[in-house]
Protein chains: 2
Amino acid sequence: MENKDAVNALAALAQESRLAVFRLLVRFAPEGLTPGVIGEQLGLPAPTLSFHLKTLAQAGLVTAVQEGRFVRYRAEMPRINGLIAFLTEDCCGGNLQLCTPKGNINE
Amino acid sequence: MENKDAVNALAALAQESRLAVFRLLVRFAPEGLTPGVIGEQLGLPAPTLSFHLKTLAQAGLVTAVQEGRFVRYRAEMPRINGLIAFLTEDCCGGNLQLCTPKGNINE
DNA sequence: TCCATATTTCCATAATATTGGAAATATGGA
DNA sequence: TCCATATTTCCAATATTATGGAAATATGGA
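What you see is a predicted model, and the numbers here were worked out from it, not measured in a lab.

**Some details on the protein's contact with DNA strand C**
Part 1 of the reasoning: What surrounds DNA strand C is a group of 20 residues, the closest being Arg-18, Thr-48 and His-52 of chain A together with Gly-36 and Tyr-73 of chain B.
Part 2 of the reasoning: Near the protein, meaning within 4 Å, the atoms of DNA strand C are sugar or phosphate in a fraction of 69%, with bases accounting for the rest.
Part 3 of the reasoning: Measuring from a phosphate oxygen of DNA strand C, one finds a side-chain N or O atom of Ser-50 of chain B at 3.2 Å.
Part 4 of the reasoning: Mapped by element, the contributors of at least two residues to the surface near DNA strand C are helix H4 (46–58) of chain A together with helix H3 (35–42), helix H4 (46–58) and strand S2 (70–75) of chain B.
Part 5 of the reasoning: Of the residues belonging to the surface near DNA strand C, the class tally is 9 nonpolar, 7 polar and 4 charged.

See the structure below:
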């Protein structure tokens, strides 16, 4: 991942509503959700939500698939994992145990 | 970590110069670096760098310690690890292998 | 004390992002 | 075909952020 890609992804996540949308989609990965459901869950007006979903999609953090008259949005897990790797790259000059004692994001 | 804290941290990282500063400090963790060295490495004017370091510090991503007439900045690794955990919390409804095949940020 | 150096604050300019109402578009079902 | 519903685009007002020159502050050494 390049610096600019990472900045784009981080900027997409650095907004309260978008972060909530993304985390909801992470929770509902890999099935995904429709804007209708997302908006209902988070109490967001449709235009606002549409704007935020577009931003997340442009950053590569979610993908959209048309399903009849619905659109299914999904969290792009490889993307977020790539971002995470980028953030901790060469951590402590390679001496990992110095800064990530457990070394695992899932603990 | 709360949503607002996460947004603060993400916003701090969502800027090209600041992301570069943070990653440099991650690489040089846990010793840290002074603004002089950072500015030289990244080609940033002192006032700009000072502004960005302050922003990173306010977000809890770096800490500053006075050392004589230098200030030593360090990446706050527990903070970034907390942010990473927050981003992937309840991923796939707990079915981790679905979205993080390797499950480890360091691979 | 005085000076050189390290770092920060002040400030004005410029650029960018967020919001949601109203309207437009698209789709499937009656 | 016509309608109800899902989603997006348009738009303008508002708010937030980045930049770096000039000046201020702080520290140790001479």
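**Considerations on the pattern of salt bridges**
Part 1 of the reasoning: Scanning the entire structure with this criterion turns up 4 salt bridges over all chains.
Part 2 of the reasoning: The closest approach of N and O atoms between Glu-89 of chain B and Arg-23 of chain A, which form a salt bridge, is 3.4 Å. Placement of Glu-89 of chain B in the segment after helix H5 (77–87) and of Arg-23 of chain A in helix H2 (residues 16–27) is noted, with the two residues assigned to different chains.

**Here's the deal with the packing of aromatic side chains**
Part 1 of the reasoning: All chains considered together, the criterion is met by 0 aromatic pairs over all chains.
Part 2 of the reasoning: Positioned above the aromatic ring of Phe-86 of chain B is the side chain of Arg-23 of chain A, whose terminal nitrogen or guanidinium carbon lies 3.5 Å from the ring centre.

**Focus: the confidence of the model for chain A**
Regions with low pLDDT should not have their predicted coordinates read in detail.
Part 1 of the reasoning: Mean pLDDT for chain A: 89, with 88% of residues reaching 70 or above.
Part 2 of the reasoning: pLDDT under 50 marks residues 101–107 of chain A. Its contacts with residues more than four places away, or in other chains, come to 17 contacts.

**A word on the protein's contact with DNA strand D**
Part 1 of the reasoning: Looking at DNA strand D, there are 20 residues lining it, with Gly-36 and Tyr-73 of chain A together with Arg-18, Thr-48 and His-52 of chain B nearest.
Part 2 of the reasoning: The protein-proximal atoms of DNA strand D, defined as those within 4 Å of the protein, are 69% sugar or phosphate.
Part 3 of the reasoning: Between DNA strand D and the protein, one listed contact pairs a phosphate oxygen with a side-chain N or O atom of Gln-15 of chain B at 3.3 Å.
Part 4 of the reasoning: His-52 of chain B is positioned such that a nitrogen or oxygen atom in its side chain is 2.5 Å from a phosphate oxygen of DNA strand D.
Part 5 of the reasoning: Elements supplying a minimum of two residues to the surface near DNA strand D: helix H3 (35–42), H4 and strand S2 (70–75) of chain A together with H4 of chain B.
Part 6 of the reasoning: The class makeup of the residues in the surface near DNA strand D is 9 nonpolar, 7 polar and 4 charged.

**Overview of the packing of H2 of chain A against H4 of chain A**
Residues and elements named next belong to chain A.
Part 1 of the reasoning: The geometry of H2 relative to H4 is characterised by a closest axis approach of 10 Å and an angle of 70 degrees between their N-to-C directions. Classified by the angle their axes make, H2 and H4 are roughly perpendicular. Regarding H2 and H4, the two cross each other, and that crossing is right-handed. Where H2 approaches H4, its residues Ser-17, Arg-18, Val-21 and Phe-22 are matched on the opposing element by Leu-49, Phe-51, His-52, Leu-53, Thr-55 and Leu-56.

Rules used throughout
Residues numbered from 1 in each chain as written. Chains lettered and ligands numbered in written order. Predicted model: local features only at pLDDT ≥ 70, side-chain atom pairs only at ≥ 80, totals over all residues. Heavy atoms only, no water. Near = heavy atom within 4 Å. Polar contact = N/O pair within 3.5 Å; in protein donor to acceptor, adjacent residues only side chain to side chain. Helix = DSSP H or I, 4+ residues; strand = E, 2+ residues; numbered from the N terminus. Nonpolar A, V, L, I, M, F, W, Y, C, P; charged D, E, K, R; others polar. Salt bridge = Lys/Arg side-chain N within 4 Å of Asp/Glu carboxyl O. Phe/Tyr/Trp six-rings, centres within 6.5 Å; stacked < 30°, edge-to-face > 60°. Lys NZ or Arg CZ within 6 Å of the ring centre and 35° of its normal. pLDDT = per-residue confidence, 0-100. Contact = heavy atoms within 4.5 Å. Axes fitted to C-alpha atoms, helices over the stretch in contact; angles between N-to-C directions. Parallel < 35°, antiparallel > 145°, perpendicular 65-115°, else oblique. Left-handed = near helix turned anticlockwise from the far one by under 90°.

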